[in-house]
Amino acid sequence: MTVAPPFTRTVAEALGDHSVQEAEGLTSAEARTRLAEHGPNELPAEPGTPLWALILEQFKDQLVLILLGAA
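### Some points on a nonpolar patch on the surface
A cluster of nonpolar side chains, contributed by Leu51, Trp52, Leu54, Ile55, Leu56, Phe59, Leu65 and Leu68, occupies part of the molecular surface with about 840 Å² of accessible area. At the level of secondary structure, the elements contributing two or more residues to the nonpolar patch comprise α3 (51-57) and α4 (62-70). For the nonpolar patch, the element with the highest residue contribution is α3, accounting for five residues. Here Leu51 is to be found in helix α3. Residue classification places Leu51 among the exposed residues on the basis of a relative accessible area of 61%.

Shown next, in the form of structure tokens:
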């Protein structure tokens, strides 16, 4: 069985897959249940780049290295 990509499905198919009525949406109880089951609809935060790595990244360019060598 081949699963179609989500963006190729019709609205009716997508609503049917999730047992939702278009005019009504989810009830508050169903929304709480799905939130508890699947968690919030958000991406995990990416770790930040440390300051020392940002500074070292500035010296990756060959022209900068040539200028530093010439100084």
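From this point on, the discussion continues.
### Focus: the pattern of salt bridges
Enumeration over the complete set of coordinates arrives at two salt bridges. A salt bridge links Arg34 to Glu30; the shortest N-O distance between them is 2.7 Å. You can see Arg34 and its partner Glu30 sitting in helix α2 (residues 28-38), four residues apart, about one turn around the helix. On the basis of relative accessibility, which here comes to 23%, the residue Arg34 falls in the partly exposed class.

### Thoughts on the environment of Trp52
When you line up the elements, Trp52 lands in helix α3. Residue classification places Trp52 among the exposed positions, given a relative accessible area of 58%.

### Some words on unusual backbone geometry
Of note in the backbone geometry, Ser19 takes a positive phi value of approximately 55 degrees without being a glycine. Relative to the helices and strands, Ser19 resides in the loop between α1 (11-17) and α2. According to the relative accessible area criterion, Ser19 is exposed, its value standing at 64%.

The rules behind these values
Residues numbered from 1 in each chain as written. Predicted model: local features only at pLDDT ≥ 70, side-chain atom pairs only at ≥ 80, totals over all residues. Heavy atoms only, no water. Patch = residues over 30% accessible without salt bridge, like charges linked within 9 Å, V, L, I, M, F, W, Y side chains within 5 Å. Areas by Shrake-Rupley, 256 points an atom, 1.4 Å probe, with all protein chains shown as cover. Salt bridge = Lys/Arg side-chain N within 4 Å of Asp/Glu carboxyl O. Helix = DSSP H or I, 4+ residues; strand = E, 2+ residues; numbered from the N terminus. Buried < 20%, exposed > 50% of the residue type's maximum accessible area, 1.4 Å probe, protein only.

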